[in-house]
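What the coordinates show
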Amino acid sequence: MSGAGEGQDPVEGVEGVDVVDVPEEWKVVSSTEHFRARVITGVTDAVVMPDAEIVNRDYVTHPGSVAVVALDEGGRVLLIRQYRHPARRLLWELPAGLRDVEGEPLQAGAARELAEEAGYRAGTWHTLVDAFTSPGMTDERTRIFLARDVTPIPEGELDFVHRHEEADMPVVWIPLSDAVRRAMAGMIHNSQAVAGILAAYAASADGFASLRPADAPEA
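Attention here is on the structure that accompanies the text. Remember, it's a predicted structure, so these values are computed and weren't measured experimentally. (Residues numbered from 1 in each chain as written. Predicted model: local features only at pLDDT ≥ 70, side-chain atom pairs only at ≥ 80, totals over all residues. Heavy atoms only, no water.)

**A look at the nonpolar core**
Counting 22 residues, the largest nonpolar core has V69, L71, V77, L94, L128, L146 and I197 as its most contacted members. Those elements that provide at least two residues to this core are strand 4 (65-70), strand 5 (76-84), strand 9 (141-152), helix 2 (176-184) and helix 3 (191-203). Tallying contributions element by element places helix 3 first for this core, with five residues. Among all residues touching L146, those that are not within four sequence positions of it are V69, L71, T124, W125, H126, L128, F208 and L211. The next biggest cluster of nonpolar side chains, apart from the first, holds 17 residues, and it includes A70, L114, A118 and W173. (Core = buried A, V, L, I, M, F, W, Y, C linked by side-chain atoms within 4.5 Å. Buried < 20%, exposed > 50% of the residue type's maximum accessible area, 1.4 Å probe, protein only. Helix = DSSP H or I, 4+ residues; strand = E, 2+ residues; numbered from the N terminus. Contact = heavy atoms within 4.5 Å.)

**Here we look at the pairing of strand 2 (residues 41-48)**
Burial analysis of strand 2 places seven of its eight residues in the buried class, the great majority of the element. The pairing of strand 1 (residues 28-36) with strand 2 spans seven bridges and is classified as antiparallel. Of the residues in strand 2, the one forming a bridge with S30 is A46. The antiparallel pairing of strand 1 with strand 2 creates a hairpin that spans four residues between the two strands. (Pairing = 2+ DSSP bridges.)

**So, the side chain of T44**
With respect to the helices and strands, T44 occurs in strand 2. Accessibility expressed as a relative area gives 12% for T44, which makes it buried. In contact with T44, other than residues within four places in its own chain, are S30, S31, T32, H34, N56, R57 and D58.

This is how it looks when you write it as structure tokens:
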């Protein structure tokens, strides 16, 4: 495989090439649905490649997700721990959930997850980062928000019942810098958590002034 040092210029050195993701859809000549579950669907598409060869691409359709990096006044980030059966691990994660309410704004869904999973609300919201969680195998896209001015919700206002994996889900606050260290050391693995923690740390350099508004459109 050739690299920039083997006769191939790096992208940033090619005039007229902008490093920004853009929509693109190659021709699909057939599509087969293998299963449909509560959240996901397994699909194989026969896709026409640029050289006209037709190849099969397997993937999972997903409704999408939201996640929240909640920071307190002391610069600590809120993490929850949840069992993830496919990974066979207890993972430290951000409060997060599916985009499963028709017509619900993404920020509203994120606020709901922060309340239900962690018992907090936030007064200040920004878009932190947008990502595809694993674009080689699923169309799931996630928006990770930064939430600040965080306060606990009084116990009497909480009516969400934790069940199954959420029944024993501890909540901790740790310094953002410590969360970065743990992510870089391979101690935190959840992709939303790693992306959100590192993005929040980077965005803190200018006091979060460069972040997009919470209702910024998804490209």
